[in-house]
Amino acid sequence: MDDDQHEARPRPDFLTKPVLSGDLVLLRAVTELDLPALRPMLADPEVARLTGSQSGAPEEARLQAWYRTRIGQDDRLDLAVVERGTGQCVGEAVLNQWDGPNESCNFRIALAPGAHGRGLGTEATRLICGYGFEKLGLHRISLEVYAFNPRARRAYEKAGFRAEGVLRDALRWDGQWVDAVVMSMLAGEDRPDGGAGWTDRSRS
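Quick caveat: nothing in here was measured; it's all calculated off a predicted structure.

## Quick word on the environment of R76
Moving on, step 1. Looking at where R76 falls in the secondary structure, it is placed in the loop between α3 (60-68) and β3 (77-83).
Moving on, step 2. A sequence separation of 59 residues divides R76 from K17, and the C-alpha atoms of the two residues are 9.8 Å apart.
Moving on, step 3. Not counting chain neighbours up to four residues away, the residues in contact with R76 comprise F14, K17, W66, R70, V94, L95, N96 and R108.
Moving on, step 4. A distance of 2.8 Å separates polar atoms of two side chains, one belonging to R76 and the other to D78.

Written out as structure tokens, the structure reads:
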């Protein structure tokens, strides 16, 4: 091994699925039982456009198998976003693509139709990213947001993400090329919530 290389530290505990509580939302493990609430989001053409998903809605059996197995994943964290005021699941927030040597993860979030514009996504982003830094020990959390989704970019900026570059013509949608903005947060950076800003109920 070269002197400038170092061994990756042990993988964070992704297998433990926390319950993260904020003022507006609660995050918990997503399961197959959340499918009825998530199905409108998964079938929404606008959600597909904003996330650049061109594969169409997955088959029902595949969806059930996917959400049934999220609880047992030890290399990623899939959490349901639950609106505290109603108790309804309104989306999902995910840390995935764990990169061990660089202690980093990708982040993505999707909300059901009607759940936007109330701060739910911004708080959910702060909750899961705060957990990623404070409990999982991540150094970097990154994402890509398409240029035709300024609402999402504003929400990410409110949560503490910073734009760091542009992937030109990263997506071809309806015959048009669309840029993607790369954004990230680093451990130790000042964040709008001043820190984690959450309570892990599963550890109380």
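## A closer look at the pattern of salt bridges
Moving on, step 1. Counted under the stated rule, the structure contains 10 salt bridges.
Moving on, step 2. Here R39 makes a salt bridge to E60, at a shortest N to O gap of 2.6 Å. A residue pair is termed long-range when its members are at least 10 positions apart, and R39 in helix α1 (residues 35-43) and E60 in helix α3 qualify at 21 residues.
Moving on, step 3. Residue classification places R39 among the partly exposed residues on the basis of a relative accessible area of 31%.
Moving on, step 4. Of the residues examined, E60 reaches a relative accessible area of 34% and is grouped as partly exposed.

## Things to note about α1
Moving on, step 1. Along α1, the residues classified as buried are L35, L38 and M41. In a view along the axis of α1, the buried residues occupy a sector of 115°, so they form one face of it.
Moving on, step 2. The inward-facing, buried residues of α1 abut α2 (45-51), α3, β4 (89-99) and β5 (104-111).

## What to know about the pairing of β5
Moving on, step 1. Buried residues dominate β5, accounting for seven of its eight residues.
Moving on, step 2. By the bridge criterion, seven bridges tie β4 to β5 in an arrangement that is antiparallel. When the bridges of β5 are listed, E92 appears paired with A110.
Moving on, step 3. Following the chain from β5 across helix α4 (residues 120-134) to the adjacent parallel strand β6 (residues 140-146), one finds a crossover that is right-handed.

## Some points on unusual backbone geometry
Moving on, step 1. Even without being a glycine, D169 presents a positive backbone phi close to 50°.
Moving on, step 2. We classify D169 as partly exposed; its relative accessible area is 42%.

## Some words on the layout of surface pockets
Moving on, step 1. Reported here for the largest pocket is a volume of approximately 1,500 Å³.
Moving on, step 2. Lining the largest pocket are 48 residues, and of these V47, T51, R108, I109 and A110 lie nearest its centre.
Moving on, step 3. Sorting the residues of the lining of the largest pocket by element identifies α1, α2, α3, β4, β5, α4, β6 and α5 (150-159) as the ones contributing at least two each.
Moving on, step 4. In the lining of the largest pocket, the residues fall into 24 nonpolar, 14 polar and 10 charged.

## A short note on the pairing of strand β7 (residues 162-173)
Moving on, step 1. Bridging between β7 and strand β8 (residues 176-186) involves eight bridges; their strand directions are antiparallel. For A163, the partnering residue across the bridge sits in β8 and is M183.
Moving on, step 2. Counting the residues in the hairpin turn of β7 and β8 gives two residues, including D174, whose phi is positive at 50°.

## Some details on the packing of α4 against α5
A packed helix pair is summarised by two numbers, namely the angle formed by the two axes and the spacing between the axes.
Moving on, step 1. Interaxial distance between α4 and α5 falls to 9 Å at its minimum, and their mutual angle equals 45°. By the angle between their axes, α4 is oblique relative to α5. Classified by chirality, the crossing of α5 by α4 is right-handed. In contact with T122, T125 and R126 of α4, α5 contributes A155, K158 and A159.

## With respect to the confidence of the model for the chain
Reading fine detail from the predicted coordinates is not recommended where pLDDT is low.
Moving on, step 1. In this model, the chain carries a mean pLDDT of 88, and residues with pLDDT of at least 70 account for 87%.
Moving on, step 2. Taken element by element, the predicted model of the chain shows its lowest mean pLDDT in strand β9 (residues 199-200) (63) and its highest in β3 (98).

## Regarding the environment of A147
Moving on, step 1. Note that A147 resides in the loop between β6 and α5.
Moving on, step 2. Distance in space between the C-alpha atoms of A147 and V181 is 6.8 Å, their sequence separation being 34 residues.

## Quick notes on the packing of aromatic side chains
Moving on, step 1. The full count for this structure, using the stated rule, is five aromatic pairs.
Moving on, step 2. Members of the aromatic cluster, connected to one another through ring pairs, are F107, Y156 and F161.
Moving on, step 3. The ring of F148 carries R49 above its face, with NZ or CZ at 4.6 Å from the centroid.
Moving on, step 4. Directly above the ring of W66 sits R70, whose terminal nitrogen or CZ lies 3.5 Å from the centroid.

Rules used throughout
Residues numbered from 1 in each chain as written. Predicted model: local features only at pLDDT ≥ 70, side-chain atom pairs only at ≥ 80, totals over all residues. Heavy atoms only, no water. Helix = DSSP H or I, 4+ residues; strand = E, 2+ residues; numbered from the N terminus. Contact = heavy atoms within 4.5 Å. Polar contact = N/O pair within 3.5 Å; in protein donor to acceptor, adjacent residues only side chain to side chain. Salt bridge = Lys/Arg side-chain N within 4 Å of Asp/Glu carboxyl O. Buried < 20%, exposed > 50% of the residue type's maximum accessible area, 1.4 Å probe, protein only. Arc of directions from axis to C-beta. Pairing = 2+ DSSP bridges. Right-handed = clockwise from strand over helix to strand, strands pointing away. 1 Å grid on protein atoms, 1.4 Å probe; cavity = no way out; pocket = protein on both sides within 12 Å on 5 of 7 lines; lining within 4 Å. Points joined across faces, edges and corners; volume = space filled by probe spheres on them. Nonpolar A, V, L, I, M, F, W, Y, C, P; charged D, E, K, R; others polar. Axes fitted to C-alpha atoms, helices over the stretch in contact; angles between N-to-C directions. Parallel < 35°, antiparallel > 145°, perpendicular 65-115°, else oblique. Left-handed = near helix turned anticlockwise from the far one by under 90°. pLDDT = per-residue confidence, 0-100. Phe/Tyr/Trp six-rings, centres within 6.5 Å; stacked < 30°, edge-to-face > 60°. Lys NZ or Arg CZ within 6 Å of the ring centre and 35° of its normal.

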